[in-house]
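# Reading the structure
Residues per chain are reported as follows:
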Amino acid sequence: MTQPAHHGLPAHEVVLLLETDPHCGLSDGEAHERLERFGPNTLPVAARASLVRRALRQFHHPLIYVLLVAGVITAGLHEFVDSTVIFGVVVVNAVVGFVQESKAEAALEGLRSMVRTLAKVVRGGLQRTVPSEDLVPGDLVLLESGDKVPADLRLVRTTELRVNESALTGESAPVHKDVVALPQTTPVADRRNMVFSGTLVTAGHGAGIAVSTGGETELGEIHRLVGAAETLSTPLTAKLAWFSKALTVGILALAAVTFAAGVLRRQDAVETFTAAIALAVGAIPEGLPAAVTITLAIGVARMAKRRAVIRRLPAVETLGSTTVICTDKTGTLTENQMTVQVIWTPDAEVEVTGTGYAPAGALHGPDGAPIPIKATAALRWSLVVGACCNDAALTHDDGSWQVVGDPTEGAMLVVAVKAGLNLAQLAEGMPRVATIPFSSERQYMATLHQDGTDYLVLAKGAVERMLELCGTQMGADGEVGPLDRAAVLRAADSLTARGLRVLAAGVRGASGPDEFNEAVFAGSLAFTGLQAMLDPPRAAAAPAVAACHTAGIAVKMITGDHAGTATAIAAQLGLFDHGEPTADAVLRGTDLATLGADDYPDAVREAKVFARVTPAQKLRLVQALQARGHVVAMTGDGVNDAPALRQANIGVAMGRSGTEVAKDAADMVLTDDDFATIEAAVEEGRAVFDNLTKFITWTLPTNIGEGLVILAAIAVGAELPILPTQILWINMTTAIALGLMLAFEPKEAGIMTRPPRDPEHPLLSRGLVTRILLVSSLLVAAAWWLFEWELGNGATVSAARTAALNLFVVVEAFYLFSCRSLTRSALRIGLFSNRWIILGVTVQAMAQLAITYLPAMNTVFDTAPIGIPAWARIFTVATVVTLVVALDKLLRRVWLAHRS
Ligand code: ATP
């Protein structure tokens, strides 16, 4: 079927074509039926590389090529045991790689479904929010600023609608939309009467009929063309991949030299060749990239469990280095459950009882005497403006009262009902005819109402802003007089100092809709009063702020709210250094605007609270902090926060209250909007980095040790203490059974009591490099000594090698426990606190018993059973090596303690 060109038809024809209704939308039944017919509104999952291809990809690695060539050559030389072992290693490696990759992908896949996109539709005449997967062609979809367009829509109504279509066209300037039919041949980028799935609404609102969904949309088309290219790559994995490639090349060269040297010394060519291969295989840390990926994936899963959903993998790494968290106040540090507590008018102050959204409570004076709504005209008008200049709704479902919409507005509805106003009657008596919606930049909202044959402009918003719009104030009897700005500001200050959010209200008559324009009514509204509401801090916020401070992370509050309210809440949360704000701890948006470029970064660094900040200023704040070397996590929820979220090292969006635009720009989404979750994610980020470092510290000495043993033996022309096939065995079994278990290591205690990691700092500090060299030299010396001792004391070569092989593995197992903490002693962290390690060690022990005592294994690997005394020597030597490592750790701890 060819797609009808919806942009070429007038809106009413599109409505007919799709058998829908431009006002009531589809019926529920019809929507359900169409969902069955057209399928869900999701992009077709990019055909995942087929199983075979993904399996084959595991062999696409320089090291594997080397092994495969070696396997073929050894088979050609009739060294079938060796070639079988080599092929065995290749297969096991591929299987492990395959399983890990699939797990990591599944973990990331799972995350995607945690952040769901919702769409506003009208069905059966009722507005509702549905998951965007459930949209069907014919649905009437409502759009407003901040929404992500959920399907391709033919617009039927628009008000100042602007859409950023860069996802589709690459053009980032917002496009103005309207409903006028266009010529059939209009190209996609110019179809102004259509909006396309995946694009973002940056301003205004509108409604449209879904004409195509899922894979049929323009986005679906592009998706089909390019396929989804999700990678598991981060700066760190890229660096490590490069490191292991370079290492592979270096080691191969070394192996070639070893082989050449052996041949020149007229040693057996086949033996030298396999030894050179063993050197290569032993020395290359082939498990490294896989271990990094799996550690990151486990980190992502742990963060998701704590309600922080990672959208871009590099964020996992960056989180651990965060030095500043810039957070919103409303909803993140506070509950966003507003209750109006005080109403102030020029001639009265009224207290309101009751908390929450249930309209149970009353108005009374300071003396406790009830105050009727009619007590003064200013009081009544303040409540009427609050109730009518309002887009929220108060609902009563299943016995509980709820607010649909903005909690600030919800609180104003609740207090109006408490005062005795009938919301439905009000809306009927004064129908709204136009709206100037609230925005963080505008800081007020205004509505135009019809009042008989006249019109009324009602406005509410931030106090300073409303004082600009008002020229007079209303008295007790409804008369207007000169505005006493100073008195209003004094009242507002005393209310905000109590941590209350204060909004002002104003009203004005108008002769017609043309007067509903800021240029016309600015300065001429009559101020009626203030409403002050409480938004209690979240219970978990203060402890989380304290935890951040202990972890060396500064917390800054960035809010659109009044400085007084913000300061009071910040003090309750412990944001200030010594409990009380100092002179430079609070900056206002206006202060920021006047600061010179030189003073700006320092002022920003000192301040803890930024009040009345506009989204545009947030971007500059992030940049200033970054210029001072900070790694910044920044929260945001609105459309205009997107640039700051992108600029921040970690952009954090709110899963519940945030707009789709903000989520799109963010690296991490908090599914509970709670500040404490950011702190939890930072903690997990630190743990991920620790575990990576632990794995590397464990794996490198093994590799270096194995390489060195072979290299030394060939160099001095001595008997090999360990055979190539045995090295392959060690590498293969320990990497899986022992090393990988470090990825499951729980967080160390005290992870949040040390300063953030410097991102410039190399992964391995000098101390760790020394430890790696120490352990590898000890490993080589111990294995060599034991091998010679066993030989000298009458053991066969096979038995002596078996002893050396077991020593290698036992030392690695002991060292694994040491690597569980980079600084603390292995005993302090509890030997059994990671069950995975116990499991791994048990499996490894059984494998060692098998290779030592099973006749079949003896034949394949050239090993021989060894006696109890040999085991005693192995464990003694391993214990000595472990004690030396423990001593190194202890000395380092003492040195560090001494230095600080
Ligand atoms: P944060 O940035 O911490 O989320 P915020 O919610 O206070 O804080 P904005 O939403 O930008 O920030 O609000 C700024 C100011 O605008 C508020 O302090 C309040 O005075 C006023 N305001 C908030 N919501 C409304 C609204 N719905 N209608 C009118 N004015 C509002």
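Nothing here was measured: the structure is a model prediction, and the numbers come from that model. (Residues numbered from 1 in each chain as written. Predicted model: local features only at pLDDT ≥ 70, side-chain atom pairs only at ≥ 80, totals over all residues. Heavy atoms only, no water.)

### Quick notes on the overall build of the protein chain
- On a plain count of helices and strands, the protein chain comes out with 31 helices and 27 strands.
- Across its three principal axes, the protein chain shows a C-alpha extent of roughly 115 × 70 × 55 Å.
- Out of the 900 residues belonging to the protein chain, those deemed buried represent 51%.
- Across the protein chain, every contact between residues at least 6 apart in sequence was considered, and the portion connecting residues at least 24 apart equals 69%. (Helix = DSSP H or I, 4+ residues; strand = E, 2+ residues; numbered from the N terminus. Buried < 20%, exposed > 50% of the residue type's maximum accessible area, 1.4 Å probe, protein only. Contact = heavy atoms within 4.5 Å.)

### Brief notes about the pattern of salt bridges
- For the structure on display, the rule yields 35 salt bridges.
- Residues K329 and D561 are paired through a salt bridge, measuring 2.9 Å at the closest nitrogen-oxygen approach. Of the two residues, K329 is situated in the loop between strand 9 (324-327) and strand 10 (339-345) and D561 in the loop between strand 22 (554-558) and helix 19 (563-573); the sequence distance between them amounts to 232 residues.
- Overall, K329 belongs to the buried group, its relative accessible area being 3%.
- Residue R465 is joined to E468 by a salt bridge in which the shortest nitrogen-to-oxygen separation is 2.8 Å. Taken together, the residues span about one helical turn, with R465 and E468 both in helix 15 (residues 463-469) at a distance of three residues.
- A relative accessible area of 17% places R465 in the buried class. (Salt bridge = Lys/Arg side-chain N within 4 Å of Asp/Glu carboxyl O.)

### Quick notes on the site of the ligand
- Near the ligand lie 18 residues; those nearest to it are K329, D406, E409, S440 and R501.
- With respect to the ligand, the side chain of T559 contributes an N or O atom lying 3.1 Å from an oxygen atom.
- Between the ligand and the protein, one listed contact pairs an oxygen atom with a side-chain N or O atom of D561 at 3.0 Å.
- When the ligand is considered free in solution it has 610 Å² of accessible area, and contact with the protein chains removes 92% of it. (Near = heavy atom within 4 Å. Polar contact = N/O pair within 3.5 Å; in protein donor to acceptor, adjacent residues only side chain to side chain. Areas by Shrake-Rupley, 256 points an atom, 1.4 Å probe, with all protein chains shown as cover.)

### Things to note about the packing of aromatic side chains
- The full count for this structure, using the stated rule, is eight aromatic pairs.
- Ring centres 6.1 Å apart and planes at 35° place the aromatic pair F516 and F521 in the tilted group.
- Judged by centre distance (6.3 Å) and plane angle (40°), the ring pair of W871 and F875 falls under tilted. In this pair, W871 and F875 are both assigned in helix 31 (residues 868-899), four residues apart and thus about one turn of the helix distant.
- By relative accessible area, W871 is classed as buried at 16%.
- Classification of F875 as partly exposed rests on a relative accessible area of 38%.
- Positioned above the aromatic ring of F689, the side-chain terminus of R757 is 3.5 Å from the ring centre. (Phe/Tyr/Trp six-rings, centres within 6.5 Å; stacked < 30°, edge-to-face > 60°. Lys NZ or Arg CZ within 6 Å of the ring centre and 35° of its normal.)

### Some words on unusual backbone geometry
- The residue N336 is not glycine, and still its phi comes out positive at about 60°.
- Mapped onto the elements, N336 comes out in the loop between strand 9 and strand 10.
- The phi torsion at D862 lies on the positive side, around 60°, for a residue other than glycine.
- Relative to the assigned elements, D862 resides in the loop between helix 30 (855-861) and helix 31.

### Comments concerning the domain arrangement of the protein chain
- Annotation of the protein chain at the domain level lists domain 1 (6-46 + 120-227), domain 2 (233-306 + 682-744 + 764-898), domain 3 (308-334 + 539-673) and domain 4 (339-534).
- With centres defined by C-alpha atoms, the gap from domain 1 to domain 4 works out at 36 Å. (Domains from an automatic or database assignment.)

### Quick notes on the environment of T614
- Along the polypeptide, T614 turns up in the loop between strand 24 (609-611) and helix 22 (615-627).
- Residues T614 and E719, 105 residues apart in the sequence, show an inter-C-alpha distance of 75 Å.

### Things to note about helix 26 (residues 724-737)
- Along its 14 residues, helix 26 runs 20 Å from first to last C-alpha, staying within 8% of the 20 Å computed at 1.5 Å per residue.
- Within helix 26, twelve of the 14 residues are buried, leaving the element largely enclosed by the surrounding structure.
- Of all the positions in helix 26, only P724, T725, Q726, I727, L728, W729, I730, N731, M732, T733, T734 and A737 are classed as buried. (Expected span 1.5 Å × (residues − 1).)

### Some points on the packing of helix 27 (residues 766-792) against helix 28 (residues 797-819)
- Following both chains from N to C, one finds helix 27 and helix 28 inclined at 155°, their axes separated by 8 Å at the closest point. In terms of orientation, helix 27 lies roughly antiparallel with respect to helix 28. In this structure, the crossing between helix 27 and helix 28 has a hand that is right-handed. Residues R771, V775, L779, A782, A783, L786, F787, E790 and L791 of helix 27 touch helix 28, and the partners they reach there are V797, A800, R801, A803, A804, L807, F808, V811 and Y815.
- Looking at the contact of helix 27 with helix 28 residue by residue, the class counts come to 15 nonpolar, no polar and three charged. (Axes fitted to C-alpha atoms, helices over the stretch in contact; angles between N-to-C directions. Parallel < 35°, antiparallel > 145°, perpendicular 65-115°, else oblique. Left-handed = near helix turned anticlockwise from the far one by under 90°. Nonpolar A, V, L, I, M, F, W, Y, C, P; charged D, E, K, R; others polar.)

### Some remarks on the nonpolar core
- Counting 75 residues, the largest nonpolar core has M668 and F675 as its most contacted members.
- For this core, the leading source of residues is helix 25 (residues 675-716), giving 13 residues.
- Here this core gathers at least three residues from each of two domains, domain 2 (233-306 + 682-744 + 764-898) and domain 3 (308-334 + 539-673).
- F675 has contacts with I325, T327, T332, L333, A541, A544, V545, C548 and V555, leaving out every residue within four places of it along the chain.
- Counting residues in hydrophobic clusters, the runner-up holds 58 residues, among them A275, I277, W729 and A878. (Core = buried A, V, L, I, M, F, W, Y, C linked by side-chain atoms within 4.5 Å.)

### Points about the side chain of D690
- Looking at the element boundaries, D690 is found in helix 25.
- Given the relative accessible area of 11%, D690 is considered buried.
- Contacts of D690, omitting those with residues within four sequence positions, involve E748, I751, R754 and L822.

### Some points on the pairing of strand 13 (residues 393-397)
- Looking at chain direction, strand 13 and strand 14 (residues 400-404) are connected through five bridges and run antiparallel. In the sheet register, D397 faces strand 14, and the bridge partner there is S400.
- A loop of two residues connects strand 13 with strand 14, the two strands running antiparallel in sequence, and D398 in this loop sits at a positive phi of about 45°. (Pairing = 2+ DSSP bridges.)

### Concerning the sheet that holds strand 25 (residues 632-636)
- Spatially, 8-27-26-25-9-22-24-23 is the arrangement adopted by the eight strands of the open sheet, whose pairing is mixed. Of all strands in the sheet, those bounded by a partner on one side alone are strand 8 (308-310) and strand 23 (586-588). Averaged over all neighbouring strand pairs, the angle between strand axes comes to 20°, with direction disregarded.
- This element, helix 22, spans strand 9, strand 22, strand 24 and strand 25 of the sheet and lies at about 170° to strand 25.

### Here we look at the pairing of strand 7 (residues 200-212)
- Strand direction decides the pairing type here: strand 3 (residues 140-144) and strand 7, joined by five bridges, are antiparallel. Each bridged residue has a counterpart across the sheet, and for L140 the counterpart in strand 7 is I209.
- Judged from the ten bridges that link them, strand 4 (residues 152-164) and strand 7 form a sheet pairing that is antiparallel. Residue pairing across strands places R157 opposite A207, the latter belonging to strand 7.

### A word on the confidence of the model for the protein chain
- Residues at a pLDDT of 70 or more form 94% of the protein chain, whose mean pLDDT is 86.
- Between residues 226-231, whose pLDDT stays under 50, and residues either more than four places distant or in other chains, the model counts four contacts. (pLDDT = per-residue confidence, 0-100.)

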